[in-house]
Amino acid sequence: MDPTPQSHPILAYVLSRLPSLPAVRTPRSPSLTPSSPRERDLEQPSPRTPSGPAEIDLVGRMPGLRHPSVLSAMTRAVADVASARDAIRVLGPRPDHEQVDASRALLAAAASGEKEEAAGEKEGVEKEEEEEKLAASREVVRLEEEHEAYGAMQREAEEKLESVYRMAMHGRDIGQEGGDGRNKGEEEEPGAVDEEVVRVLKEAEEGKTLERVDLADRQLRLLPDPVGRIRGLLALDVSRNQLKVIPDAIGGLERLEELRVASNNLVSLPDSIGLLSNLKLLDVSGNRLRVLPDTISKCSSLVELDASYNALVYLPTGIGHELVHLQTLRVHLNKLRSLPSSVCEMRSLRLLDAHFNELRGLPAAIGRLSALETLDLSSNFSDMRDLPPSIGDLAGLRDLDLSNNQIRALPDCFGRLGKLERLRLDQNPLAVPPPEVVAGGVDEVKAYMAARWEEAVAEEERRRASAAAAVDSPRGPSTPREWLTRSVSSLSTWVSDVTVKVVGQEAVEEEEEFLQQQF
């Protein structure tokens, strides 16, 4: 009924700052008494701090949500949704689809006249009961339509809040400057932003050393090419603007170590980004990227890469071959169906966050990531069904989240993860380990899987020992059939030898008799 951080993150955040109406006047509810709490003030939403990872992530992308005036403007924009939410709460929960279908079928039958004859024959109590059923069916259908309309309103409001947020941020700046027209301010602000960019470029041209340039939250629609000529620049932040393109000239920032372009409207990155050989941090989260350029693997100094909250369907095939220093890789909330095998070459990787994707598994050699400490594969839902055996080689793994998948069994080698401290397995149809073991926590799961691993190792040793004994043992009779076969073979050999000797002796005697006759 209420918007969730997963489906409508901005709307859920804004509405959570509003207290629910203490009472709503309906034909069936009593009038509010003088002592009843007063209705909420939409102009003064609650300034609560973010709670939960979803809200923290959202505020990280849209920091203006902390500002009272911005939140107030967004609240006014969705006042109709807030009122509809309270009305829906009074009406009650959404009926299940079977009840709705049955009610619609009953109303359709009554409207088509199929039951008119039967209804005409009914009298008194039966007729009243029939009317009550029809009235109840109409109420069910109406409630379903109200919920459906409310759902559509939520979807529209989420899209609306994206633009309202930027306008509200814009209006806040104008308010601080004493401007008196929001629409007018929206026309004037781009000019002010352009002047700020010009000022930065002018200082660079005059020879002033600029190591850090912060142009975040300035409604920039264009990043001019001359920015790529600020040779000494170490950090550039153009997050939370309206950029659709990063110029190719960005490759001229040879000393750049930090590039933040989060929360823009980027659909691609320039290939020239591969020229940033000193880049250590790249944040492209919160855009509309479908792919990353192959040249990103040329950023050989990269330590942290955040490409979350995009629409990525795959990562560059060779992304891991040259990013040997990468320690943090965030690709959550995308549409990835697999990770390239080259990821297993990122030997310095400490954190891999790939939750909320469509992953069907992990590369077979994932165990090569010997430095990995945190791995989040949660919420890949029906796509994630099993784990490769090499996951047991992640000796340094401390935090593992596998929740909200379809994993039925952990591999026996899971018992080798001796340093594991935090483990989430909820919302999986697990049979191994069984639910009672999972309920006991990470230590009990580790003990159970370690016992299975030891048993598997012992069984493998017994099998090898048996195979080795079969190879090294002398060739003696082991079964009656083999004994008989070998005995017959030996007897045949002996008979053959005797025959040779006897025949040979007779030949010698005949030769001597012939020689004597000749003599």
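Residues numbered from 1 in each chain as written. Predicted model: local features only at pLDDT ≥ 70, side-chain atom pairs only at ≥ 80, totals over all residues. Heavy atoms only, no water.

By the naming in an unreviewed UniProt entry, the protein chain goes by Plant intracellular Ras-group-related LRR protein 3 and is assigned to Urochloa decumbens. Per UniProt, the protein chain carries the Function (unreviewed entry) text "Leucine-rich repeat protein that likely mediates protein interactions, possibly in the context of signal transduction." (UniProt positions renumbered as here; feature names shortened; annotations may be inferred.)

Our next topic: the pattern of salt bridges. Where charged atoms from two side chains of opposite charge come close, those side chains can pair. By the definition in use, this model includes 19 salt bridges. E373 serves as the salt-bridge partner of R350, at 2.9 Å between the closest nitrogen and oxygen. Within this pair, whereas R350 is found in the loop between β6 (328-330) and β7 (351-353), its partner E373 is found in the loop between β7 and β8 (374-376), the two being separated by 23 residues in sequence. Across the pair R424 and D426 runs a salt bridge whose closest N-O atoms are separated by 3.0 Å. Overall, D426 belongs to the partly exposed group, its relative accessible area being 32%. Connected via shared salt-bridge partners are R398, D399, E421 and R422. (Salt bridge = Lys/Arg side-chain N within 4 Å of Asp/Glu carboxyl O. Helix = DSSP H or I, 4+ residues; strand = E, 2+ residues; numbered from the N terminus. Buried < 20%, exposed > 50% of the residue type's maximum accessible area, 1.4 Å probe, protein only.)

Let us now look at the side chain of S403. Examined against the element boundaries, S403 turns out to sit in the loop between β9 (399-401) and β10 (422-424). At a separation of 2.7 Å, a polar atom in the side chain of S403 contacts the side chain of D401. Setting aside residues no more than four positions away along its own chain, S403 makes contact with S378, S379, R424, L425, D426 and N428. (Polar contact = N/O pair within 3.5 Å; in protein donor to acceptor, adjacent residues only side chain to side chain. Contact = heavy atoms within 4.5 Å.)

What follows is about the confidence of the model for the protein chain. Of the residues in the protein chain, 72% have a pLDDT of 70 or more, and the chain-wide mean is 77. When the criterion is pLDDT under 50, residues 20-44 qualifies, and its contacts beyond four places in sequence or with other chains add up to 28 contacts. (pLDDT = per-residue confidence, 0-100.)

So, on to the sheet that holds β8. Overall, parallel pairing links the ten strands, which are arranged β1-β2-β3-β4-β5-β6-β7-β8-β9-β10 in an open sheet. Two strands in the sheet have a free side with no partner beyond their single neighbour: β1 (212-214) and β10. The sheet shows a mean angle of 5 degrees between the axes of neighbouring strands, taken without regard to direction. Here strand β2 (residues 235-237) pairs with strand β3 (residues 258-260) via three bridges, running parallel. Across the sheet, the residue bridging to A235 is E258, located in β3. (Pairing = 2+ DSSP bridges. Axes fitted to C-alpha atoms, helices over the stretch in contact; angles between N-to-C directions.)

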